[in-house]
Amino acid sequence: MKRNPKAPKPKPKKRRARHHHNVYVIELDGAVLNHARFRAANPNRDITKPCVYVGCTGLTPEKRFAKHKAGIQANSYVQRYGLRLLPALYAYANPMPYDAARDMEVELAIALQEQGYAVWQA
């Protein structure tokens, strides 16, 4: 059945924006402190708190962690020293729009560093 060309076109349904970006925190093995660059970036670290990596992604944190470990667009510290995700430090904020995730990555890294974590943020 052909549509009448004079009939008004049906309006496309408005899509609700789906937020799918996430921040994530990965615990790093303490051996990362053997790197002078990592130590220099964290002069005020609390030795009782773990070393962490903070990032943001359009994937789930689990998928992104797996990519780091597989060497796909990986941070070298995470690839070599990544142990596990620490969802207690980031899950409250996810998911969010891209701009918010990008900003939250920086804010979370600063907040964790102020709490004494040794932080690496890309």
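Description of the structure in this document. (Residues numbered from 1 in each chain as written. Predicted model: local features only at pLDDT ≥ 70, side-chain atom pairs only at ≥ 80, totals over all residues. Heavy atoms only, no water.)

### Here we look at the overall build of the protein
Helix and strand counts for the protein stand at 4 helices and 4 strands. Overall, the protein shows an N-to-C arrangement of helices and strands of β-α-β-α-α-β-α-β. Relative to its full complement of 122 residues, the protein shows a buried share of 37%. Within the protein, contacts between residues at least 6 apart in sequence are counted, and of these 74% link residues at least 24 apart. When the accessible surface of the protein is summed, it comes to about 8,300 Å², and 53% of that surface belongs to carbon and sulfur atoms. (Helix = DSSP H or I, 4+ residues; strand = E, 2+ residues; numbered from the N terminus. Buried < 20%, exposed > 50% of the residue type's maximum accessible area, 1.4 Å probe, protein only. Contact = heavy atoms within 4.5 Å. Areas by Shrake-Rupley, 256 points an atom, 1.4 Å probe, with all protein chains shown as cover.)

### Remarks on the pattern of salt bridges
Inspection of the entire model under this criterion finds 2 salt bridges. Between Glu27 and Arg84 there is a salt bridge, and its shortest N-O distance comes to 2.5 Å. In this pair, Glu27 is assigned in strand S1 (residues 22–28) and Arg84 in strand S3 (residues 82–85), connecting sequence segments 57 residues apart. For Glu27, a relative accessible area of 17% corresponds to the buried category. For Arg102, the salt bridge identified is with Asp99, shortest N-O distance 3.3 Å. Of this pair, Arg102 and Asp99 both sit in helix H4 (residues 98–114), 3 residues apart, roughly one helical turn. (Salt bridge = Lys/Arg side-chain N within 4 Å of Asp/Glu carboxyl O.)

### Topic: the sheet that holds S3
On the basis of which strands lie adjacent, the open sheet formed by 4 strands has the order S3-S1-S2-S4 and mixed pairing. Edge strands, defined here as strands with exactly one partner in the open sheet, are S3 and strand S4 (118–121). Pairs of neighbouring strands in the sheet enclose a mean axial angle of 30 degrees, with direction left out of account. Across 4 bridges, the pairing between strand S2 (residues 51–57) and S4 is parallel. For Cys51, the partnering residue across the bridge sits in S4 and is Ala118. (Pairing = 2+ DSSP bridges. Axes fitted to C-alpha atoms, helices over the stretch in contact; angles between N-to-C directions.)

### Remarks on unusual backbone geometry
The omega torsion of the bond from Asn94 to Pro95 falls at -10 degrees, within 30 degrees of zero and hence cis. Tracing the chain through its elements places Pro95 in the loop between S3 and H4.

### A short note on helix H2 (residues 61–70)
Think of an α-helix as 3.6 residues a turn; residues three or four steps apart then line up on the same face. Turning to H2, its buried residues number three or more, namely Pro61, Arg64, Phe65 and His68. Projected down its long axis, H2 shows its buried positions confined to an angular sector of 100 degrees, all on one face. Looking at H2, the residues exposed on the side facing more than 90 degrees away from the buried face are Glu62, Lys63 and Ala70. Where H2 is buried, its residues contact S1, S2, helix H3 (76–81) and S3. Gly71 sits one or two residues past H2 and shows a positive phi near 85 degrees. (Arc of directions from axis to C-beta.)

### Observations regarding H4
Compared with the 24 Å implied by 1.5 Å per residue over 17 residues, the 24 Å span of H4 between its first and last C-alpha is a close match. Where H4 is concerned, the buried positions are Ala101, Met104, Glu105, Leu108, Ala109 and Leu112. The inward-facing, buried residues of H4 contact S1, S2 and S4. Within two residues after H4, Gly116 carries a phi angle of roughly 105 degrees, on the positive side. (Expected span 1.5 Å × (residues − 1).)

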